[in-house]
Amino acid sequence: MLAVARYKCVIPVIEQLFLPHTSTISLNMITRQQSLALVLKRLHHLGKELEKPELQNAQETTRLFGDGSHLDSMGLVTLIADLEEDIYRECGARVTLADEKAMSRLTSPFRRVNLLADYIHEVVNAR
Amino acid sequence: MPTAIITGSSAGIGKATTLKLLNAGWRVHGFTRQLDGATHANYIPHQVDVTNESAVQNAVAAILSKEQSIDLLINNAGAASMNALLLTPGSIAENLMRVNYLGAFYCIQAVGKQMVRQRQGRIINITTVAVPLALEGEAAYVASKAALDALTRVAAKELSPHGIVVAGLGFGPIPTQLTRAVNAAKLAELNQLIGRTNGTTVDEAADFIFEAIQQKNLEAGSIRYLGKI
Ligand SMILES: NC(=O)c1ccc[n+]([C@@H]2O[C@H](COP(=O)([O-])OP(=O)(O)OC[C@H]3O[C@@H](n4cnc5c(N)ncnc54)[C@H](OP(=O)(O)O)[C@@H]3O)[C@@H](O)[C@H]2O)c1
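Residues numbered from 1 in each chain as written. Chains lettered and ligands numbered in written order. Predicted model: local features only at pLDDT ≥ 70, side-chain atom pairs only at ≥ 80, totals over all residues. Heavy atoms only, no water.

### Focus on the overall build of chain B
A count of helical and extended segments in chain B gives 6 helices and 7 strands. A compact globule built from 229 residues should have a C-alpha radius of gyration of about 17 Å, and chain B, at 17 Å, falls within 12% of that. Across its three principal directions, the C-alpha atoms of chain B cover 50 × 35 × 35 Å. Looking at chain B residue by residue over its 229 residues, the buried ones come to 56%. Within chain B, contacts between residues separated by at least 24 positions form 70% of all contacts whose residues are at least 6 apart in sequence. For chain B, the computed accessible surface area is about 10,000 Å², with 52% contributed by carbon and sulfur atoms. Here chain B carries 19 positive and 16 negative side-chain charges, and the mean point of each set is 5 Å from the other. (Helix = DSSP H or I, 4+ residues; strand = E, 2+ residues; numbered from the N terminus. Rg over C-alpha atoms; globule rule 2.2 N^0.38 Å. Buried < 20%, exposed > 50% of the residue type's maximum accessible area, 1.4 Å probe, protein only. Contact = heavy atoms within 4.5 Å. Areas by Shrake-Rupley, 256 points an atom, 1.4 Å probe, with all protein chains shown as cover. Lys, Arg positive; Asp, Glu negative; His and termini not counted. Charge placed at Lys NZ, Arg CZ, Asp CG, Glu CD.)

### Observations regarding the site of the ligand
Residue and element names in this part refer to chain B. By nearness alone, 30 residues border the ligand, and Ser10, Arg33, Asn76, Tyr141 and Thr176 come closest of all. Separating an oxygen atom of the ligand from a backbone N or O atom of Gln34 is a distance of 2.9 Å. Taking Asp49, its side chain carries an N or O atom lying 2.9 Å from a nitrogen atom of the ligand. Partitioning the shell around the ligand into residue classes produces 13 nonpolar, 14 polar and 3 charged. (Near = heavy atom within 4 Å. Polar contact = N/O pair within 3.5 Å; in protein donor to acceptor, adjacent residues only side chain to side chain. Nonpolar A, V, L, I, M, F, W, Y, C, P; charged D, E, K, R; others polar.)

### Focus: unusual backbone geometry
Despite not being glycine, Glu51 of chain A shows a phi value in the positive range, around 55°. The residue Glu51 of chain A is located in the loop between α2 (32-50) and α3 (53-56) in this model.

### Details of the pattern of salt bridges
Tallied over the full model, the rule gives 17 salt bridges over all chains. As a salt-bridge pair, Arg89 of chain A and Glu85 of chain A come within 3.1 Å of each other at their nearest N and O atoms. Residue Arg89 of chain A and its partner Glu85 of chain A are located together in helix α4 (residues 73-91), separated by 4 residues, close to a single helical turn. For Arg89 of chain A, a relative accessible area of 6% translates into the label buried. For Glu138 of chain B, the salt bridge is made with Lys186 of chain B, and the minimal N-O distance between the two is 3.7 Å. Within this pair, whereas Glu138 of chain B is found in the loop between β5 (121-128) and α4 (139-159), its partner Lys186 of chain B is found in helix α5 (residues 184-193), the two being separated by 48 residues in sequence. Among the residues examined, Glu138 of chain B registers a relative accessible area of 7% and is labelled buried. (Salt bridge = Lys/Arg side-chain N within 4 Å of Asp/Glu carboxyl O.)

### Considering the sheet that holds strand β3 (residues 43-47) of chain B
Residue and element names in this part refer to chain B. In spatial order, the strands read β3-β2-β1-β4-β5-β6-β7; together these 7 strands make up an open sheet with parallel pairing. Unpaired on one side and paired on the other, β3 and β7 (223-226) mark the two borders of the sheet. Sheet twist, expressed as the average angle between the axes of neighbouring strands with direction ignored, equals 20°. Pairing analysis gives 4 bridges linking strand β4 (residues 72-75) to β5, with the strands arranged parallel. (Pairing = 2+ DSSP bridges. Axes fitted to C-alpha atoms, helices over the stretch in contact; angles between N-to-C directions.)

### With respect to the environment of Leu64 of chain A
Residues and elements named next belong to chain A. One can find Leu64 in the loop between α3 and α4. Judged by relative accessible area, Leu64 falls into the buried class, the value being 0%. The spacing of Leu64 and Tyr88 is 24 residues in sequence and 22 Å in space, taken between C-alpha atoms.

### Quick look at the confidence of the model for chain A
Residues at a pLDDT of 70 or more form 80% of chain A, whose mean pLDDT is 83. When mean pLDDT is compared element by element in chain A, α2 of chain A scores highest at 97, while helix α1 (residues 14-17) of chain A scores lowest at 38. (pLDDT = per-residue confidence, 0-100.)

As C-alpha cells, then:
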C-alpha cells in the first residue's frame, strides 16, 4: 500500500472558517476577491498538512500544478475536493471544478493560484 | 453511526448486504431506479439510476447535506446478459458498460471526493468470477466487469494515499433476478469449477461482503472471490 494517510495529521478545521454543517446555506454570488481568499485559506491548511511553507504562504502568483509547482496530483485532488466543499459552504453552490471546460482550456486553471481564483469566480457566478 | 451508500440495494446481494449493515447499526442510503428495499428507520432509499452522472452527483450532495461523513460505498448495482458474443446486440453491450462500469465510476467520483475530504473511507466494487475465468457466453458482461476490476485497481492506488481503501469482491452464480434466465446446468458447472458445489446464497454473499467491510487490513486493490479461482 502507498503512503496511507499521509494527509491525516492535520484535518482542516473548515468548520471554524465557514458555516456549521447543518446551517441552511443560501445561494450567493462570489466576488473575485472572495474566490481568491477561499483558495489561499485552503492552501494555507493544505500547506500545513503537507508541511509545505510555499503553499501555506501562497500568493496569487504561486504555481500549483505543472512544471515547477508545489502540488503533486494527489495534492491537487485534495485541494479541489476541499475547495468544492468550501465553495458550497460559502455560497451554497455545488460545483465541479475539474469539469470538461477546465480540462479543455489551453491554460489549465489549476496551474496557478490566480487562475484558479478566476476559474472559481467564473464557475460559481455562471450557475 | 457509520454511514454507507449501497447501489442496487433493493434486491439480491445488495438487499441482503443492506440488511446486514442495518442490523449491525449502520445507516444505509440505497441507490436504485425503483424506490424499494428494506423497511428500516436507518434505510434511506434514493431513486437514482447510476448511469446518470448528474443524478448520482445530486443524490450524493443531498446525502451530504444531512450526513457528516460517508464511511463506505458499495458499488453493487449491476446488470448481466448471457449471450454469444456474435449474437449480442451492441446496445446491450453498451448498457452493461454503462451500469457495471460507468455507474461505479460516477459513484466513486462523487463519493470519493467526500472521502478525500474526510481523509478516510472504504469502497467495495462487486465483481464476478466470470472475469478471471474469461467465461464464454458472457463477453459483454465479462468485459464490463473487467473494466470495473481495472478501475478498482487504479482507484486503489490513487486513493489509498488519501486514507481510502478500494477493493473488489467477486462471486460465482447466486440465485437472484440477475441469474434467473441462466440455464441451471451451466450454473452447476460453474459452481463445480469454483469449488462451491452447493452454490452460494445471497446471504453467504452478504456475509462475505460484511466480513471484508469489517476487516481492518483489507488490502487496497485486492479482488477476492468467494470460491476457488
Ligand atoms: N447473481 C449472481 O450470480 C452474481 C454473481 C457475481 C456477481 N454479481 C454481481 O452482484 C451485483 C448484484 O447482483 P444481484 O444478483 O444481486 O442483482 P439483482 O438481484 O438483479 O439486483 C440488482 C440491483 O441493482 C439495481 N440496479 C440495476 N440497475 C441499476 C441502475 N442503473 N441504477 C441503480 N440501480 C440499479 C436494481 O434495482 P432497480 O432495478 O430498481 O434499479 C437491484 O436493486 C451485480 O453487480 C452483479 O454483477 C452477481
